Each structure stands twice: as structure tokens, then as C-alpha cells.
Amino acid sequence: MGKLIPVSIIALLLVLHAESAYSFQIDAEADARHKTEEFRDHDTELYRASLGLRHVFSDVKGDRLLLLCWLESRHNFKETSAEQAYAQYKGPMGRWNITAGKFLIPFGLAVNYDTEPLLVDNNTEESLEIKYDSGIKVSGQLGNFDYAASVTQGIDESRILDNDRDKLAAFRTGIIGDDFEDFNLGLSGTIGSVFSDDNKSYKKLIALDSIKYYDLFVFRAETIAGKIDKSNVYGVFFGTDYMLFPSFDLNISFNAFKHEILNKSALFGITYNTPFYGFVIRAAHKVTFEEKNNESFIQVYNKHTIYF
Amino acid sequence: MNLLFKFTISILFIFSFISSNASEEVYPCIWRNPERTMTRLFPKANDYKTITVKISEEQLKAIEQKAGKLLAGQKRAFQYFEMYNSDAKLIGYTIASTQKGEYGAIEFVVGLTIDKKIIGIYIQRARERDKEFKKNAFLNQFKGKGTQEIDNLKIWKGINWKKTVGTSAVVSGIVKELTALDILGKDN
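Keep in mind the model is a prediction, meaning the values are calculated, not measured.

### Quick look at the overall build of chain B
Piece 1. Each helix and strand in chain B was counted, giving six helices and five strands.
Piece 2. Start at the N end of chain B and walk to the C end: the helices and strands fall as α-α-β-α-β-β-β-β-α-α-α.
Piece 3. Residues counted as buried form 55% of the 188 residues belonging to chain B.
Piece 4. Relative to all contacts within chain B whose residues are 6 or more apart in sequence, the contacts with residues 24 or more apart total 59%.
Piece 5. Accessible surface for chain B amounts to roughly 8600 Å². Of this, 53% is attributable to carbon and sulfur atoms.

Right, dumping it as C-alpha cells:
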């Protein structure tokens, strides 16, 4: 059952490719990392490899149906799963869209800032615990506002179907500034149960997220507050990128989340966009304050897109 | 499935290096909030259709001969959007473009009539010190210009503005997108 959904979507995409030659897209990512802990212990692995398949159907009036499947394998191919697999029915000019399947939960900064290919951590793991989930989502764009609301099962990758009636509801609404679309502000909320790592918890969270581009800087911030079971929780994330010189980005971030204890970490890194298509090299040092832990990373990342 | 996945990833990963011999910085275009910008350019649009056209070697040569070298990552496929009104009638085109600025990518969107004349340009995102290319007085100079003016645009004929890395990137991007639309639109 676990492989049925992604295999079905891949098979459907391959069949449909025969009908429509020019809207079939494949994205491939590879992310290799070398980690040093406390300047002593070393580990090198293919941290993440991903394969995305995408196909758009159009009718006489426009794009109508999007099929997407995103497979991911981690830690030298030890853990493989379908991160996303969904069908999206598109309304006119993106005013409304209905998505069914497994998709990104519309909550917080993660909607507009994907940290998966980066060395930066955000607070998704501590707060929501899951990033992708199966269910139904309504989303769209109305002028300067965008919105998304979903009802999903509230389970992690270890399960395909939920065994109880407890679901997870989430929403996010955002506004995009008029200044060259460089400013983005979002308000999110979520309520419901999440089953993750064999533990079930009940969450009531709100989040405020923002992204601002200014000159050679990008600023990103997120604040989360609420309850996980009976405990009050809160978290903050702040990150900035600065173009030191052409092709070189300085990356700084700070993360804090309080659940039972307050965990804080900071990251300082550099990104080099190489001359080769989609090929990026990053280096970073991360300090976890409570555990007094130092980790250094070197990452080699490549992304490639091809069309059939 | 794990073995098939590993094999596919390995082949694509190797393939990406083989196809990237050109030593040139590349910025694949990522269009954020497409419908928002499309609505600004075409307020009467009711919907849009994504058109992705594969570029053959011959077509690539013809485009680069006329418009200059394309960035790696933009040489194999050309994507644009057909805009439709509520009667399902074609009213124009939108193209999202990415060009190399001084520090990073300059992402912008061009709207065109069905006669392929520019009706507007929006700068999506850029992290540059240079502000000249963002000014409306510069961007408005392109309105009304189309595929017939490609040769003039290449030599900045009809554009009265300061030549900076940013403004040159926008002009170069417009020339390349108009050329690609002209050649690939005719052939397809």
C-alpha cells in the first residue's frame, strides 16, 4: 500500500506523457554532506536524493489539472518515501485550487522557504513534527493575498492511513508587498492530532512568518506559539542571507524552541553558487547551546530539471 | 522500488554534469506567485495555459546567433504562458525570465500582446545594489516594442537609460525571450 500511490502516479504520468509531449517535467536533486561533530567525529553520506515528476493537463481555457509525485531517499538510500503525491485541480487564474493527496501542510515559513536543501533548520520538527501529510487542501491567490487551508490525517511517514478519527486542520494566509514582491507576511494556525515517531500529540499552534528582500540581504523570521498537549510552547526563527560578493552568500540563522525545555541553536555558513547548472557548495558551523554541541558541515548539492 | 530509484537518481545526476560543460553561471527561473503578476499584466485574463517547447540544436543555434548565448539551464526548453479571456480567446503571452546580474539572478516577467508586443515588465526579485533596472521610467520604454525590434534592442536603439549590469541584464533577457518566442512560436 505504501508504494501503491507513488507507483500509480508514476505509471499514470508515463502513460499520459504519450499523449502530451511537452508538459512532462522531471526534477532531480542530490545532496551529499560531510559532517564533523565536536571537531572529532566525521561522517560522509548521500544525505538526500530526490526525484520529482510533474505533468500539467490543459483544456481549451487553460491549465486544469496538475499531477505531481516527489520521491525522496535519505541517508545513503536507507529511507525512501513519497514526500508528495497529489492531484491539483486548478481554478481560473489561481483564484482557487483543490488539492488531494499528500502535500506540504500550509503552516508557517515552510510554505515559502524550503530548508530541505539547506543546512539551516527551522522549527517545523519541534512544533508540527510533520511537514507533509495526506488529505485535502483548498488554496489560491486573490490580488495581493494568498490563502491555503487543509484537513489531513496527521501522521508521519511510518503510516499510510490514520487509525483514528483525529485529524489535523491547518491554514495559512499571506500578503505580498507591492515593492517588487520583495516582502511577504503570513499568518498560520493549526489544530489537531499528530502521530509521529510512535507518539501522538494534540497541537494548537499559531505562527507569524515574514520574508523581506533588501539590497543584498534577505531576512526571514518566524514566531510560533500555542500548546502541544497541555504544555505551552513557543519558538522563534531568524535567518539572513547576505551577498558577500558575486556567487557567494553569507548565511546566519538562530533558532529557539521551548516545549519541555528551551533549545537554542545558531548557524553560520557560506554558500557558493558554482558556474555549473544547479550545482551549489555550502559550508556551515552549527552550535546547539543547551547540549554544548558543535557541528560543521560541507554540502555538495545539485539540482537538475529536464522536460519531455 | 529502492533500486529503481537509486538507478534513476544516479543516471540523472551523472547526466546533469555531462550536459553542463559550458562554464557559465546559471539561474533557472523559479516563478513565485505567477497568477498575481499575470493578473497585473492582464487584468482581463480569466485563465492561462503553460506551454513548454523543447529547443532543438538547430533552433538553439538560430536563437543564439540572433540574441546571444543563452544561459545553461535555458538551452533545452522554453516555457511561456498563453493568456485567455472568459470566452477562451487568446489575449496575450507572459514570459518569466531570469538573467545574471552583478551579484545574483534578476527575475522578471514580460507581458506581450498576441502580436508579440510588450505591454509591461515586472521585476520579480533581485538582490542587487544597482537600482536603475527597477525604475518604471526604464521599464516603460519597452512598451510597444516587439519581435520586429529585436535588432534595435540589441544595440539599445530607442532605449535612453544608463547602461549598468542590471539594465543590460534586463535588455539582454528581453532580446533573448522575444527571439525564442519568435523562432519557436513559428516552428511550433
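### Describing the packing of aromatic side chains
Residues and elements named next belong to chain A.
Piece 1. Applying the stated criterion to the full structure yields 11 aromatic pairs over all chains.
Piece 2. Ring plane angle 40° and centroid distance 4.5 Å describe the contact between phenylalanine 217 and tyrosine 242, whose orientation is recorded as tilted. With phenylalanine 217 in strand E11 (residues 217–228) and tyrosine 242 in strand E12 (residues 231–245), this pair connects stretches of sequence that are 25 residues apart.
Piece 3. The exposure class assigned to phenylalanine 217 is partly exposed, which follows from its relative accessible area of 29%.
Piece 4. Here the aromatic rings of phenylalanine 245 and phenylalanine 248 are separated by 5.1 Å at their centres, their planes lie at 55°, and the arrangement is tilted.

### Comments concerning the pattern of salt bridges
Piece 1. Overall, the coordinates contain 25 salt bridges over all chains when judged by the stated rule.
Piece 2. Two residues, Asp47(B) and Arg64(A), come together in a salt bridge whose shortest N-O distance is 2.4 Å. Note that Asp47(B) is positioned in strand E1 (residues 47–54) and Arg64(A) in strand E3 (residues 63–74), a pairing that runs across two chains. The residues Asp47(B) and Arg64(A) share a single accessibility class, namely buried.
Piece 3. The shortest N-O distance in the salt bridge between Lys135(B) and Glu132(B) comes to 3.0 Å.
Piece 4. Taken together, the shared-partner salt bridges connect Glu29(A), Arg48(A), Glu72(A), Arg74(A), Asp114(A), Glu116(A) and Lys131(A) into one network.

### Details of a negative patch on the surface
All names here are of chain A.
Piece 1. Where like charges cluster on the molecular surface, the negative patch consists of Glu125, Glu126, Asp197 and Asp198.
Piece 2. For glutamate 126, the location among the structural elements is in helix H2 (residues 124–127).
Piece 3. With a relative accessible area of 35%, glutamate 126 lands in the partly exposed category.

### Things to note about the sheet that holds strand E5 (residues 118–126) of chain B
All names here are of chain B.
Piece 1. Strands sit in the order E1-E2-E3-E4-E5 across an open sheet of five strands; the sheet is antiparallel. The two strands at the open ends of the sheet, each matched to only one other strand, are E1 and E5. Strand-to-strand twist of the sheet, defined as the mean angle between neighbouring strand axes without regard to direction, takes the value 25°.
Piece 2. Sheet analysis places E1 next to strand E2 (residues 77–84), joined by eight bridges and oriented antiparallel. From the neighbouring strand, aspartate 47 faces E2, where its bridge partner is tyrosine 84.

### Some thoughts on the pairing of strand E16 (residues 293–307) of chain A
Residues and elements named next belong to chain A.
Piece 1. Taken together, the 13 bridges between strand E1 (residues 24–37) and E16 define a ladder with antiparallel strand orientation. Pairing of aspartate 31 across the sheet is with tyrosine 301, part of E16.
Piece 2. Pairing geometry for strand E15 (residues 279–288) and E16, over 10 bridges, is antiparallel. Looking at E16, one finds that phenylalanine 279 is bridged to asparagine 302.

### Description of the environment of Ile91(B)
All names here are of chain B.
Piece 1. Along the chain, isoleucine 91 turns up in strand E3 (residues 90–100).
Piece 2. By relative accessible area, which is 26% here, isoleucine 91 ends up partly exposed.
Piece 3. Sequence separation between isoleucine 91 and threonine 164 is 73 residues, and the spatial gap between their C-alpha atoms is 33 Å.
Piece 4. Those residues in contact with isoleucine 91 that lie beyond four places of it in its chain are Phe42, Lys44, Ala45, Met83, Tyr84, Asn85, Leu112, Thr113 and Ile114.

### Some words on the nonpolar core
Piece 1. Ranked by size, the top nonpolar core spans 37 residues in total, and within it Phe142(B) and Ile174(B) carry the most contacts.
Piece 2. It is helix H6 (residues 165–187) of chain B that contributes the most residues to this core, 10 residues altogether.
Piece 3. Residues Leu168(A), Ala207(A), Ile224(A) and Val233(A) belong to the second largest nonpolar core, which totals 13 residues.

### Focus: the environment of Ser97(B)
Residues and elements named next belong to chain B.
Piece 1. In this structure, serine 97 sits in strand E3.
Piece 2. Assessed through its relative accessible area of 0%, serine 97 is described here as buried.
Piece 3. Within the local environment of serine 97, its side chain forms a polar contact with the side chain of glutamate 177, the two groups lying 2.8 Å apart.

### Here we look at helix H2 (residues 34–41) of chain B
Piece 1. Burial analysis of H2(B) places six of its eight residues in the buried class, which makes it a mostly covered element.
Piece 2. Among all positions of H2(B), only Pro34(B), Glu35(B), Arg36(B), Thr37(B), Met38(B) and Leu41(B) are buried.

### Here's the deal with a nonpolar patch on the surface
All names here are of chain A.
Piece 1. Among the surface-exposed residues, Leu142, Phe145, Phe171, Ile175, Phe183, Leu185, Leu187 and Leu208 lie close enough to one another that they form a single nonpolar patch of about 670 Å² accessible area.
Piece 2. Elements that contribute at least two residues to the nonpolar patch include exactly strand E8 (168–176) and strand E9 (183–196).
Piece 3. Mapped onto the elements, phenylalanine 171 comes out in strand E8.

### Looking at the side chain of Glu116(A)
Residue and element names in this part refer to chain A.
Piece 1. In this fold, glutamate 116 is placed in the loop between strand E5 (97–104) and H2.
Piece 2. Polar contacts involving the side chain of glutamate 116 include one to the side chain of arginine 74, which spans 2.5 Å.
Piece 3. Beyond its immediate stretch of four places on either side in the chain, glutamate 116 contacts Asp31, Arg33, Arg48, Glu72, Arg74, Glu83, Lys131 and Tyr132.

### Quick look at the environment of Ser158(A)
All names here are of chain A.
Piece 1. Position of serine 158 among the secondary structure elements: in the loop between strand E7 (145–152) and E8.
Piece 2. Residue serine 158 is classed as exposed on the basis of its relative accessible area of 54%.
Piece 3. For the pair serine 158 and aspartate 198, spaced 40 residues apart in sequence, the C-alpha separation works out to 8.5 Å.

Criteria and cut-off values
- Residues numbered from 1 in each chain as written.
- Chains lettered and ligands numbered in written order.
- Predicted model: local features only at pLDDT ≥ 70, side-chain atom pairs only at ≥ 80, totals over all residues.
- Heavy atoms only, no water.
- Helix = DSSP H or I, 4+ residues; strand = E, 2+ residues; numbered from the N terminus.
- Buried < 20%, exposed > 50% of the residue type's maximum accessible area, 1.4 Å probe, protein only.
- Contact = heavy atoms within 4.5 Å.
- Areas by Shrake-Rupley, 256 points an atom, 1.4 Å probe, with all protein chains shown as cover.
- Phe/Tyr/Trp six-rings, centres within 6.5 Å; stacked < 30°, edge-to-face > 60°.
- Salt bridge = Lys/Arg side-chain N within 4 Å of Asp/Glu carboxyl O.
- Patch = residues over 30% accessible without salt bridge, like charges linked within 9 Å, V, L, I, M, F, W, Y side chains within 5 Å.
- Lys, Arg positive; Asp, Glu negative; His and termini not counted.
- Charge placed at Lys NZ, Arg CZ, Asp CG, Glu CD.
- Pairing = 2+ DSSP bridges.
- Axes fitted to C-alpha atoms, helices over the stretch in contact; angles between N-to-C directions.
- Core = buried A, V, L, I, M, F, W, Y, C linked by side-chain atoms within 4.5 Å.
- Polar contact = N/O pair within 3.5 Å; in protein donor to acceptor, adjacent residues only side chain to side chain.

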